[in-house]
Every structure is written in structure tokens, then in C-alpha cells.
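# Fold and geometry: a report
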Amino acid sequence: WELVADGLRANPAARALNHTTLTATDGVKVYGTWYRAEHPKALILLFHQAGSSSAEYATIAPKLVAMGYSALAIDQRAGGGLFGENRTAKALGREADYLDAKADLEAALAWTEGRKLPVLLWGSSYSAALVFLVAAENPRGVIGVLAFSPGEYLGGDTTVKAAAASVRVPVFVTSAKDPKEIAAARAIAEAVRVAGTTLFVPQQGGVHGSSTLIPLRDPKGAEENWTAVQAFLRRVSP
């Protein structure tokens, strides 16, 4: 992959298409980047962790495209500059809490309507908690959920577990190689009542959130984590 003036250049079957703007139900403008595969199997919605932005997926999304999946990565209003500028948070000009950002995830899901593709929801840290709420409340068209380092981040002791119990699609759950994170992920994964749900506990490495798939951040575990993700994606969207 190489950076060029109009985005990411790859083989002819995969490229970053463009930047896009969505509107949440409360009127907030949500900025995103759409990575398009030529003949996509599904569309993956990519949501970042706290203090972060869609740039969290700058190396992850192109790999998904090469696997045959289109992807939309958004800047949620609860975020920052960990990987690059968060355009939504900057334009909003004020702090937003995690639950406020649920409207941004829902705007991304609404954006998929009419695209005639099955949808997977992918969350990182606090958004890995939010994806369970969104999937439970919007089952139509969603075929799977991937949650990287989920926890009870939304103001209640069982909010996420209760939502996970209502999800009706297969779920992939993983975490950092940390006892507390593993326990939090396990509790949520075990609440899901759907066959094909995967709890992946990293053995070689593992860091918080979707960063576990970035070799520069997880040099020991990125490959192992990618293998587990690819196996799940092949199963739910071959």
C-alpha cells in the first residue's frame, strides 16, 4: 500500500474510495472514510476507541479490503487525536460521552441502507461496548459483531451484558492479554446466546482495542489476532 493524493493505492480490486459525511439523528455531522472493495462480500463498520479517530483503522481497513470486504471507518464524537485528527469531535467543539456516540454508530448503520450488502459491526474499547447495544436494537441486515476489548463502559454494571444477551448474530470477542480485560470480555461473550460466537484469548501478545491488529503496537500478537479475525469473518461471511 502507498499513500497518494486521492487515498490509498492497492491492487485494482481494492482501494480507499473517499471521505464521506453522515448526519446523526441529533444533527451532528459525522465524518468517515469509505474503503471500497470491487466485489465486496460484506460491509464492515469500523468504530474506534476513546481518544481516537477513524485513523485507528488506517492500516486495518486496507487489509480488510484486500480480503474482500468494504469498510466505513468513522470519527465518533467521543474521541481524539491518538491516531490522527478526529474531525467529528473537532467540529463539535465540546466533550461528548460514550453513550452520546451511540448516535454516530447508528448514523453509520443507517448509511448502509440501500447498499444491498450484509453488515458487520466492529468496535474498539468503548465502541466495542456500544456495538452490542446497536446490534441488539437494529438486527436487520447485521450478520455479525466484532468487539475488541469490550467492557461495562456505559454507566451500568450489566448494561453491555444485557444487550449482548439480546444479540441474535454471531459475535467475535477478544481483549488485551490482561486478566481484567479477559474477564470483562469473557463475561460479555458468555452473555451472547448465539452459536458461532468466539471468545479469543491472545496467547502471544494482545493490546487494548483494535490496536491488537497493528504490528507496530502489538508486534508479538498482531499476526495471531489477525488469524482469529479472518477465521471468524470467513465463517460469517464467506
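Right, let's walk through the structure included here. What you are looking at is a predicted structure, and each value in this text was computed from that prediction instead of being measured.

Moving on to the layout of surface pockets. If you add up the space inside the second largest pocket, you get close to 280 Å³. Taken together, 13 residues form the lining of the second largest pocket, with Leu109, Thr112, Glu113, Arg140 and Gly141 sitting closest to its centre. The leading source of residues in the lining of the second largest pocket is helix α3 (residues 102-111), at 3 residues. A breakdown of the residues in the lining of the second largest pocket according to their chemical character gives 4 nonpolar, 4 polar and 5 charged.

Further remarks concern the packing of helix α4 (residues 126-137) against helix α5 (residues 159-166). Two elements in contact, α4 and α5, have axes separated by 8 Å at closest approach and are oriented at 40°. Regarding the angle of α4 to α5, the classification is oblique. Remark: the crossing between α4 and α5 carries left-handed chirality. Here α4 contributes Ala129, Phe132, Leu133 and Ala136 to the contact with α5, which in turn contributes Thr159, Val160, Ala163, Ala164 and Ser166. Looking at side-chain class alone, the contact of α4 with α5 contains 7 nonpolar, 2 polar and no charged residues.

So, how was this worked out
- Residues numbered from 1 in each chain as written.
- Predicted model: local features only at pLDDT ≥ 70, side-chain atom pairs only at ≥ 80, totals over all residues.
- Heavy atoms only, no water.
- 1 Å grid on protein atoms, 1.4 Å probe; cavity = no way out; pocket = protein on both sides within 12 Å on 5 of 7 lines; lining within 4 Å.
- Points joined across faces, edges and corners; volume = space filled by probe spheres on them.
- Helix = DSSP H or I, 4+ residues; strand = E, 2+ residues; numbered from the N terminus.
- Nonpolar A, V, L, I, M, F, W, Y, C, P; charged D, E, K, R; others polar.
- Axes fitted to C-alpha atoms, helices over the stretch in contact; angles between N-to-C directions.
- Parallel < 35°, antiparallel > 145°, perpendicular 65-115°, else oblique.
- Left-handed = near helix turned anticlockwise from the far one by under 90°.
- Contact = heavy atoms within 4.5 Å.

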